[in-house]
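# Chains, contacts and geometry: an overview
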Amino acid sequence: MVLKKNYLTKELIEHINAKARDPIWRMRVLAAMTSNWYDVRSVSPSGLIHFHGNADTGWEHILNRHSYYSFANHFGKGAQGNPSKFTGSAIPISDFVMIADDVFVNGEIDTKEHSDGELFVKHVGKSARFTGSSGETQEFVLILYRGTKIVHSLYPKKDLEGGRPKRILENLSRDQNLTSAEKFLVSEMLTVRLPYVTLQGIQRYVIILRINLETQKGTIYVQVNMPNGDPYFCTSALMGFGVTLTWKEVHTSSLEFTRFLNGLGLADLTAVEKVIQDIEKQVFSQLA
């Protein structure tokens, strides 16, 4: 089932254009507070209109797909399932506005056919005006609502900051929002679970990290669930790894422990994901 996108309607476009003509934007207001998803956030020196948005369009859409720290789940091949990211230090209020202006003023319109082409116009161009830039230009894509200066989306053509592992599981996404940690007051053991979910939100696999905080060594297992999410079996130990966490850091919920958990969202678990890929082919293809 294809869900209908919550894009701007003709009436909302007229509303946004009217709000963007308010003289207050000529006073170089960086960004305004908003109460509705279709409220204007900023009007750039080039007249581009940025609005708050939702999961499908505007700034919320950009952050949802292209923020370095976004925990949103994406599925599919290539950029669809592994969208490019801004830097971890990006500041939307300045970065988005300046980059969009550079692409709009100095870039070109992409005339290739693309989905929703009747609704949007795609611009491609370069900018060096983003947080973390060393002065070298990078390529970006700017998408405007057709016939307007309203920004639908903005993103770099490739990651602006390296280190993200290559995605290999097209139909499963590591759900950082569901990552959990289990610690015991009378034990040196820490158990961390990293679920992989389907587009429908069903947990199909769970990477389990069993960590001995005394020896600072861990072991990785994979819990395999049926297509409906019911537990099926758990693998034997797949591989070991080391950590620098201490019992005190874990049980005081220190900054180091928080960083460790957050970092798992970007950790390179390709070797384990290949095991999951093999299980999908060897086990579930036979059950289909």
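So, here's what we can say about the structure. Throughout this description, residue numbers start from 1 for each chain and increase along the sequence as written. Side-chain atom pairs in this predicted model are given and counted only at pLDDT of 80 or more, local residue features only at pLDDT of at least 70, and totals for whole chains, interfaces and linings cover all residues. To obtain the side-chain values, all non-hydrogen atoms of the structure were used and water was disregarded.

## Describing the overall build of the protein chain
Stated precisely, the cut-off is as follows: Working definition: helices are DSSP H or I runs of at least four residues, strands are E runs of at least two. Numbering for both runs from the N terminus. Each residue is assigned to one of three classes by its accessible area relative to the maximum for its type, calculated with a 1.4 Å probe on protein chains only: buried under 20%, partly exposed between the two thresholds, exposed over 50%. Two residues qualify as a contact provided that any one of their heavy atoms is within 4.5 Å of a heavy atom in the partner residue. The protein chains shown are the only cover counted for residues, whose accessible areas, like all others here, come from Shrake-Rupley with a 1.4 Å probe. By the counting scheme adopted, Arg and Lys are positive, Glu and Asp are negative, and His together with the chain ends is not counted. Just so you know, the charge point we use is NZ for Lys, CZ for Arg, CG for Asp and CD for Glu.
Each helix and strand counted, the protein chain has 7 helices and 13 strands in total. C-alpha atoms of the protein chain, sized along the principal axes, occupy 65 × 45 × 35 Å. The buried share among the 288 residues of the protein chain stands at 40%. Within the protein chain, counting contacts between residues at least 6 apart in sequence, those at least 24 apart form 51% of the total. Total accessible area computed for the protein chain in this model is approximately 16,100 Å², and 52% of it derives from carbon and sulfur atoms. Taken together, the 32 basic and 30 acidic charged side chains of the protein chain have centroids lying 2 Å from each other.

## Observations regarding the pairing of strand S12 (residues 231-234)
So the rule is basically this: Think of it this way: DSSP has to see at least two bridges between two strands before they count as a pair.
Across 3 bridges, the pairing between strand S11 (residues 217-225) and S12 is antiparallel. Its bridge partner being in S12, Asn225 is matched across the sheet by Pro231. What sits between the antiparallel neighbours S11 and S12 is a turn of 5 residues, in which Gly229 has the positive phi angle 100°.

## Concerning the environment of Val243
Locating Val243 in the fold gives a position in the loop between strand S13 (239-242) and helix H5 (247-251). Expressed as a C-alpha distance, the spacing of Val243 and Phe257, which sit 14 residues apart in the sequence, is 11 Å. Excluding residues within four positions of it along the chain, Val243 makes contact with Ile211, Gln216 and Phe260.

## Digging into the environment of Gln223
Put simply, the rule is: Distance and chemistry together define a polar contact, namely a pair of N or O atoms within 3.5 Å, with one atom able to donate a hydrogen and the other to accept it when in protein, and with adjacent residues in sequence counting only for side-chain atoms on both sides.
Topologically, Gln223 is positioned in strand S11. Each C-alpha atom of the pair Gln223 and Leu194 lies 9.9 Å from the other, and the pair is 29 residues apart in sequence. In this view, Gln223 contacts Arg204, Tyr205, Val206, Ile208, Pro231, Phe233 and Cys234; residues no more than four positions away in its chain are not counted. Engagement of the side chain of Gln223 in a polar contact is seen with the side chain of Asn225, the distance being 2.9 Å.

## Considerations on the nonpolar core
Threshold: In these notes, a set of buried Ala, Val, Leu, Ile, Met, Phe, Trp, Tyr and Cys residues joined through side-chain atoms within 4.5 Å is what counts as a nonpolar core.
Judged by nonpolar contacts, the single largest core of 26 residues is most densely connected at Leu190, Val192, Tyr205, Ile207, Leu245 and Phe260. Put simply, the parts of the chain that give this core at least two residues each are strand S9 (189-197), strand S10 (203-212), S11, helix H6 (255-263) and helix H7 (270-287). In terms of nonpolar packing, the next biggest core, distinct from the first, is built from 17 residues, Val40, Val141, Ile143 and Tyr145 among them.

## Section: H6
Rule in force here: This arc is taken over the directions from the axis of the helix to the C-beta atoms.
Those residues of H6 not exposed but buried are Phe257, Phe260 and Leu261. One face of H6 carries all of its buried residues, which in axial projection span an arc of 95°. Counted as exposed and oriented over 90 degrees from the buried face of H6: Leu255 and Arg259. Tucked inside the fold, the buried residues of H6 contact strand S8 (180-183), S9, S10 and H5.

## Concerning the packing of helix H2 (residues 58-66) against helix H4 (residues 92-106)
Our working definition: Axis lines are fitted to C-alpha atoms, over the contacting stretch for helices. Their N-to-C directions set the angle, which ranges from 0 to 180 degrees. Angle categories: roughly parallel below 35 degrees, roughly antiparallel above 145, roughly perpendicular from 65 to 115, and oblique for all the rest. Ten residues, namely Ala, Val, Leu, Ile, Met, Phe, Trp, Tyr, Cys and Pro, are considered nonpolar, four, namely Asp, Glu, Lys and Arg, are considered charged, and the remaining ones, Gly among them, are considered polar.
One way to put it is that H2 packs onto H4 with a least axis distance of 12 Å and a crossing angle of 100°. Considered as vectors, H2 and H4 are oriented roughly perpendicular to each other. Facing Trp59, Ile62 and Leu63 of H2, the residues of H4 in contact are Pro92, Ile93, Phe96 and Val97. For the contact of H2 with H4, the residue count by class is 7 nonpolar, no polar and no charged.

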